[in-house]
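Per-entry structural report
Given next are the chains, with one letter for each unit.
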Amino acid sequence: MLNIKKQISRLYLSSILGNLSLTGAWVAILAARGYSLVEIGFAETIFHITSLLLEIPSGVLADVFGRKKMLIVSTIMTMVGNIIMIFSSNLFLICASMIFQAASYNFLSGSGDALAYDSLKMVSREAHYEKYASNQMVIYRLCGGISTLCAGFALLIGHRAAYSMDLVICIIQIGILTSLQEISVTPPAEKSRQAFSPESTAQNGGFRMLFHTICREMIDCFVTSLSFLKTARRAILLMCCNSLVGAIDILLLFFLQAKLPESGMSASLLGFALFFMETGGLLGARIILKCGKLRYRSVFIIAAMLVLTGVLAEHSGSYLIMTAGGFLAALGDDALQVRTNTILQDLFPSQQRATLISIESFTFSMIMIVLSPLAGVLFSQW
C-alpha cells in the first residue's frame, strides 16, 4: 500500500538535495576562472545539444523501466559531471562535464514529475498536483537562490572544493531515492522488467532476445507518445509557449551572474542579488495558486511581459534595475511553468507520461540551442 505522504515528502527531500549546490552560480565560477561569455555560451550550447539528443530517450527509459531507477541514474550522472569539473583545465573538459550534467537533467526532468503525478493518481488525489508543482518550483528557486547566495564562498574556496562538496550531497540524495516506491502504470514496463530475470533470459534465447525486447518496448512507447501528440495540438502549443518564455528567463538569469559585477556590483553583494532574483520565481509559483480562474492565455501574456521587462532592464546599465528585472522575469516564468505543468499532466496518459514530459523538455532544448550562443554574443557587446 502506497504511503502518499512519505512518497511525496521523499520526492521533496530529493529535490532539495538535488538543487542545493555550492556551484549553482556556475557561470560566475567559469567567468572567475577566466572564461569569456562567448565560451560560457558555447558550453551552455553543448549542454542543450546533449539534452536534445538524450531528452526523449531518457523519458522513454523512465516509462519502460521505471521512474525511480532513472532518478538514481540522474544523480549518478551529476556525480560524474562534478568529478570531471574538478579536474577540468580547459574548455574541452568543461564541455565534457556539461554533457553529463545535461544527461542528469534529462533523466530527472520527466521521471520526477511522472512519479509524483501517478503516485497521486493511485490514491485519487490528482487535484493536488498543482500544489505539488508549485512546491517543487519553490524548492527549485529557494535552493537555487541559496546556491547562488553561496557564489562568493564557492569562489573563495575554489571550484574543486565546491564541486567536491556537491559530490557528498549527491551520495545522500541517492540514499533518499532508493527509499521511493516505484509506481507501475504500464504493462510494457512490467514485461521489460521481467525480461531482465535470468529465467526469462534463458527461455527467450539469451541477451539478443532481451535486447530486441527492450528496443521494441521503447519504440512502442515513443510511437504511442507521438500518436497522442498528433491529436493533442493544445499540448504542443502549451509546450512551445512555456519553453520560449522559460528559455529567455533562464538565459537572462545566467548571464546576469556575469553582467552584474561588470555593472559595478561588488562581489560581496552578488550572491544576495542572485538570491533576490530567485525569490521572484518563488513568489510567482505561489501567486499562481491564487489565480485558478485566470485563463491560460492571460497567464502567458502577463508572464511574457514580465520576462521581456527583465530583458530590457538588463540593458539599463544599473545593477539595481537589472536585479529588479531579473526578479520580475523569474516571477512570470515560474507562474507560467506551474500552470502549464498542471494542465499538461492532466492531458498526458500515464503510460507515456515521462516520455511526453521529455518531449516538452526537448522543445525547450531546441529553443535554447538557438538562443544560447546569440545571447552570449549579444550580452557580451553591452
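These lines cover the structure that appears in this document, whether it is placed above or below. (Residues numbered from 1 in each chain as written. Predicted model: local features only at pLDDT ≥ 70, side-chain atom pairs only at ≥ 80, totals over all residues. Heavy atoms only, no water.)

**Here we look at the packing of aromatic side chains**
A ring pair, where both rings are aromatic, is described by two values, the distance of the centres and the angle of the planes. As a reminder, the rule being used: Two rings from Phe, Tyr or Trp (for Trp, the six-membered ring) form a pair when their centres sit within 6.5 Å of each other. Planes less than 30 degrees apart are called stacked, planes more than 60 degrees apart edge-to-face, and all others tilted. Every helix listed is a DSSP run of H or I at least four residues long, and every strand listed is a run of E at least two residues long, numbered separately from the N terminus. Accessible area is worked out with a 1.4 Å probe on protein chains only. A residue is then buried under 20% of its type maximum, exposed over 50%, and partly exposed in between.
One pass over the full model with this rule turns up 5 aromatic pairs. Pairing Phe47 with Tyr105 gives two aromatic rings, centres 6.2 Å apart and planes at 45°, and the pair type is tilted. Here Phe47, found in helix α3 (residues 37-65), pairs with Tyr105, found in helix α5 (residues 91-122); they are 58 residues apart in sequence, far enough to count as distant. Classification of Phe47 by relative accessible area gives buried; the value is 15%. For the ring pair Tyr117 and Tyr129, a centre distance of 5.3 Å and an interplane angle of 70° mean the geometry is edge-to-face. You can see Tyr117 sitting in helix α5 and its partner Tyr129 sitting in helix α6 (residues 129-149), a full 12 residues away along the chain. A relative accessible area of 6% means that Tyr117 is categorised as buried. Given the relative accessible area of 1%, Tyr129 is considered buried.

**Things to note about the packing of α3 against helix α4 (residues 67-86)**
Our working definition: The axes used here are C-alpha line fits, helices contributing only the stretch in contact, and every angle between their N-to-C directions lies in the interval 0 to 180 degrees. Orientation is classified from the angle alone, with under 35 degrees giving roughly parallel, over 145 giving roughly antiparallel, 65 to 115 giving roughly perpendicular, and any other angle giving oblique. Residue contacts are defined here by distance: any two heavy atoms, one from each residue, within 4.5 Å place the two residues in contact. Three classes are used: nonpolar for Ala, Val, Leu, Ile, Met, Phe, Trp, Tyr, Cys and Pro, charged for Asp, Glu, Lys and Arg, and polar for all others, with Gly counted as polar.
The geometry of α3 relative to α4 is characterised by a closest axis approach of 7 Å and an angle of 135° between their N-to-C directions. For the element pair α3 / α4, the angle class is oblique. The residues of α4 that touch α3, namely those facing Ser58, Leu61, Ala62, Asp63 and Phe65, are Arg67, Lys69 and Met70. A per-class count over the contact of α3 with α4 returns 4 nonpolar, 1 polar and 3 charged.

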